Amino acid sequence: MSNETRPTGGLLESGLEGLSHNFLTGTLEELVKWARRHSVMPATFGLACCALEMMAAGGPHYDLARYGMETFRASPRQADLMIVAGRVSQKMAPVLRQIYDQMMEPKWVISMGVCASSGGMFNNYAIVQGVDQIVPVDVYAPGCPPSPETLMHAILTLHDKIKNGELTRRKGEGLGLVVEQMGPSGPVPVTLGQG
Amino acid sequence: MTATHELPTNVNQTSEGGQELTSADVIAAGERLRELGAVLRLSENDAILAEREQVPDDETMIINMGPQHPSTHGVLRLMLELQGETVLRCKPIIGYLHTGMERTGEELSYLQGPTNVTRMDYAAPLFTELAFSLTVEKLLDIEVPERAIWIRMLMTEMNRISSHLLFMATNGMDLGAVSMMLYGWREREEALRFLQEVTGLRMNHNYIRPGGVAADLPDGWRDGVLRLLDMLPGRLAEYDTLLNQQPIFRERLQGVGAINADECLALGVTGPILRSTGYDWDLRRDMPYLAFDQVDFDVVVGSYGDCFDRYAIRLAEIHESMKIVRQCLEKMPKGDYRIQDKKVTPPPRARIDESMEALIHHFKIFTEGFKVPEGEAYVAIESPRGELGCYIVSDGSSNPYRMHVRAPSFVNLQTLPHLMHGSLVADAVAIISSVDPILGEVDR
Amino acid sequence: MTDIDAESGAADTPPENVPETLFDTLLTRSHEQLVLHPTRESYPGLLATLHAAGYHSVVDLCGVDYLTNDSRQLPAGIEPERFEVVVNLINHRERARLRLRVQVPETDAVLPSAFNLYPGTEAMERETFDMFGISFDGHPDLTRILMPEDWIGHPLRKDYDVGRIPVQFKGAPANR
């Protein structure tokens, strides 16, 4: 390609002709979603068995760092994703809600494991039957405890939700019902009435 | 070591030689602890009131640590009374993970029971299953086959390894040695891989059941064990280089959170905390269960009762567990992996296809469960955290009338105020970590 | 299977062949485990005797509610009551275990606390109080331990509903 036809530099050298090569066009919304999606900061909210699997997912073998979310924030004010990992007791419920309220908008919640999602096998006086009674949940990860792979799938599902969802929708709208469907590699959480 | 060793266990090693602990010593230790007054006895409401009515020139302040705090191992909450940076009194507040498992256990049949109890100590789930199963077997008055006993030993010792590796990881993390966390998780994954090969699950296995184990060891299990046994010594040597030789790590742990043997006995503390004081007590050797009287291993004891001893004991216990695992490899007998008692054991899968009676039997066992004679029994085993006991009252039905688990972490947590008394807040983190509580077991 | 309880120690020590009592307390055997049945009045004294005899640690203390179970076997002279407090002690030196079963009536569910002799029972007695509503006389801090402080009822009692309960918030204000 000869030098005459090819615009060499930016605006200063080639005038307005250079614009077509040096700008990407798109909506601001897409950009914000892209940024949000790739820098989700989870709060450490380990409760029970699932917390170990959550930590294992952050460990060297499963390596959550490749999704840009290896920094588990100890302070809820620095986090935008709460992974409720484990059974939520009646005593813990107010604490959980308080921590959720302390998180900055926008914020998401993954309910990890059946105990957090529905009370699991502990349908008794002590356990809250589903953390969605307290905070709005975006993704439910099935399993008791979910393996790190399941958690990573839930996180990828959440990434999709962030990418395809609305930018300014407030949380807690709709039922957000999620059912488990058998996929080729095991049960997959599927959100009903979304998108 | 055999069960019939002659060394007295009630001996406190002092600078002047061994001294036998007497009843008066233990009572005196209890009184000493009481006079020290390290336990903060203040309800939550009173704490809020005290905070409001605080006198301006009051030197002490009460702060809350947890229940959502990265270094409290889950949902432990500590109410600390501080003077400057020094912890004066402390109250561990638990119950944030109370799951009502003892009540749920009364609703489930004996066959379903391990599913429930395995979720108590989620770092060492096989131990709770074992305690539950041994108690049910005692009530049933049955003996499981040799092979099942050895499989149980193999699996629990593997689980002890993975549990102590978890401690290595979290202890390092709490002290700021984050690279140690990565190494600990790396090795734990390897141990979990073997458990998964055998039981099908990484955690909460429901593998040890009344009457034996759920399934026989799979083909090639020896390779899995050997791979781990070959890999671990080198990796543990790395830990040794990384941590034991490291001045910062030693400074953070040595002399921090010290406790005596008599104080431990007064508080009912067991496990590595008791052994770190030099008290030579391990249920595997002293009150053998399974076939621990037929294997050779050492009970590791410390001498200072501080955080570093507790860390070092756990590191050494991994080596001892590997010794036991190696002997399990050699001595694993052939035979049944569960008792051939029609009352307890469902018929094999192949029989169900050909026999209607077998199908009915299978259905009955899994819906109604088996009935256990009236009575009550308490059986204790040595879990990675101490004495893990299970107390079951049976009323002759197929559900336990009362199922109580004596959780070692629950009792060990009582040492926290005494360990922390007079130490810094930063040491508090190291102390919590060295007690190694698993909150699922504390709150049940 | 190896017998898990080394019963050799205290069990064989009484030379006379009277297996009914040990430490002047009624004795029964449950699956080769020794069970003592003190009364409420003799319970503190028995604990002191046992402590002096080498039972330095209470490993476990829990409650049982016998409301719907009338099949239990008690030695003659022990009046069955609704509640029972079960204490497991250990003698490290002789490698022996003992279990105490103390009857506690429903109308006056109080038992002397073992705290002064065995400080380790503090949390266990609090748990028993929380779960069964059995009070311990002389306990320094008898409050709920597992359930929230304002919880109503004692969950492990047999007449307490097991099932699902709607979420009960403690009314803690949300700090934003």
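Residues numbered from 1 in each chain as written. Chains lettered and ligands numbered in written order. Predicted model: local features only at pLDDT ≥ 70, side-chain atom pairs only at ≥ 80, totals over all residues. Heavy atoms only, no water.

Colleague: In this structure, what is going on with the interface of chain B and chain C? I would like to understand it.
Modeller: Frequently, the measure chosen for interface size is the accessible area that the parts lose on association. At the junction of the two partners, chain B supplies 68 residues and chain C supplies 63 residues. It is B:R103, B:M287 and B:Y401 that lose the most area in chain B upon contact with chain C, and together they represent 13% of the buried surface on that side. At the junction of chain B and chain C, the tally comes to 8 salt bridges. The shortest N-O distance in the salt bridge between B:E106 and C:K158 comes to 3.0 Å. At the surface where chain B touches chain C, the tally comes to 24 residue pairs in polar contact (both at pLDDT 80 or more). Per-element tally for the side of chain B that touches chain C: the top contributor is strand β8 (residues 375–383) of chain B, with 6 residues. Residues of the side of chain B that touches chain C, tallied by class, amount to 32 nonpolar, 14 polar and 22 charged. (Contact = heavy atoms within 4.5 Å. Buried area = accessible area lost by both parts, 1.4 Å probe. Salt bridge = Lys/Arg side-chain N within 4 Å of Asp/Glu carboxyl O. Polar contact = N/O pair within 3.5 Å; in protein donor to acceptor, adjacent residues only side chain to side chain. Helix = DSSP H or I, 4+ residues; strand = E, 2+ residues; numbered from the N terminus. Nonpolar A, V, L, I, M, F, W, Y, C, P; charged D, E, K, R; others polar.)

Colleague: It is not clear to me how helix α7 (residues 178–199) of chain B should be interpreted in this structure. Could you clarify?
Modeller: An α-helical turn contains 3.6 residues, so a residue and the one three or four places further along point in the same direction. The end-to-end C-alpha separation of α7(B) is 31 Å, in line with the 32 Å expected for 22 residues at 1.5 Å each. Where α7(B) ends, the next residue or the one after it, B:G200, has phi of about 95°, a positive value. (Expected span 1.5 Å × (residues − 1).)

Colleague: Quick question: what am I supposed to make of the UniProt feature "domain: NADH:ubiquinone oxidoreductase 30kDa subunit" (unreviewed entry) in chain C here?
Modeller: Per the UniProt record, "domain: NADH:ubiquinone oxidoreductase 30kDa subunit" (unreviewed entry) is found at residues 40–162 of chain C. Along residues 40–162 of chain C the backbone is 18% helical and 27% strand, and the end-to-end C-alpha distance reaches 30 Å. (UniProt positions renumbered as here; feature names shortened; annotations may be inferred.)

Colleague: Help me out: how do you make sense of the interface of chain B and chain A in this one?
Modeller: Opposite the 35 residues of chain B that make contact, chain A presents 31 residues. Each partner contributes to the roughly 2,800 Å² buried at the junction of chain B and chain A, and carbon and sulfur atoms together form 66% of this total. When the buried surface of chain B facing chain A is broken down by residue, B:Q68, B:Y96 and B:W185 rank first, second and third, together holding 22% of it. Applying the counting criterion to the chain B and chain A interface returns 1 salt bridge. Here A:E53 ties to B:R202 by a salt bridge, and the two come within 2.7 Å at their closest N and O atoms.

Colleague: Sorry if this is basic, but what is going on with the side chain of C:S113 here?
Modeller: All names here are of chain C. Looking at the secondary structure, you find S113 in the loop between β7 (110–112) and α3 (121–132). On the accessibility criterion, S113 (17% relative accessible area) is buried. There is a polar contact of 2.7 Å between the side chain of S113 and the side chain of E125. If sequence neighbours within four positions are ignored, S113 has contacts with E125, F136, D137, G138 and H139. (Buried < 20%, exposed > 50% of the residue type's maximum accessible area, 1.4 Å probe, protein only.)

Colleague: Looking at this structure, I do not really get the packing of aromatic side chains. What am I missing?
Modeller: By convention here, two paired aromatic rings are described through the distance between centres and the angle between planes. For the structure shown, the criterion picks out 9 aromatic pairs over all chains. Here the aromatic rings of B:F249 and B:Y311 are separated by 5.0 Å at their centres, their planes lie at 75°, and the arrangement is edge-to-face. Highlighted residues: B:F249 in helix α9 (residues 247–253) and B:Y311 in helix α13 (residues 307–331), separated in sequence by 62 residues. According to the relative accessible area criterion, B:F249 is buried, its value standing at 2%. Considering the side-chain rings of C:F23 and C:Y55, the 6.5 Å spacing of their centres and the 85° angle between planes classify their relative orientation as edge-to-face. Taken together, the residues C:F23 in the loop between β1 (21–22) and β2 (25–30) and C:Y55 in the loop between α2 (43–52) and β4 (57–65) connect sequence positions 32 residues apart. Joined through ring pairs, the aromatic side chains of B:F249, B:F308 and B:Y311 make up one cluster. Between the NZ or CZ atom of A:K91 and the centre of the ring of B:Y96, over which it lies, the distance is 5.1 Å. (Phe/Tyr/Trp six-rings, centres within 6.5 Å; stacked < 30°, edge-to-face > 60°. Lys NZ or Arg CZ within 6 Å of the ring centre and 35° of its normal.)

Colleague: Help me understand the UniProt feature "domain: NADH-quinone oxidoreductase subunit D" (unreviewed entry) in chain B, please; the structure alone is not making it clear to me.
Modeller: Here, the residues flagged by UniProt with the feature "domain: NADH-quinone oxidoreductase subunit D" (unreviewed entry) are residues 174–444 of chain B. Helix makes up 51% of residues 174–444 of chain B and strand 11%. Its end C-alpha atoms lie 24 Å apart.

Colleague: Would you explain helix α6 (residues 146–174) of chain B in this entry?
Modeller: Residues and elements named next belong to chain B. Between its first and last C-alpha atoms α6 spans 42 Å; for 29 residues at 1.5 Å apiece the expected length is 42 Å, and the two agree. Most of α6 is tucked away, with 27 of its 29 residues classed as buried. At the exit of α6 stands G176, carrying a positive phi of roughly 95°.

Colleague: Got a minute to help me understand the sheet that holds β2(C) in this structure?
Modeller: Two modes of strand pairing occur in sheets, parallel and antiparallel, and in both the strands are linked by backbone hydrogen bonds. Residues and elements named next belong to chain C. Pairing within the open sheet is mixed, and its 6 strands lie in the order β1-β2-β3-β6-β5-β4. At either margin of the open sheet sits one strand with a lone partner, and together these are β1 and β4. Across the face of the sheet, α3 comes into contact with β4 and β5 (83–91) while running at roughly 5° to β4. (Pairing = 2+ DSSP bridges. Axes fitted to C-alpha atoms, helices over the stretch in contact; angles between N-to-C directions.)

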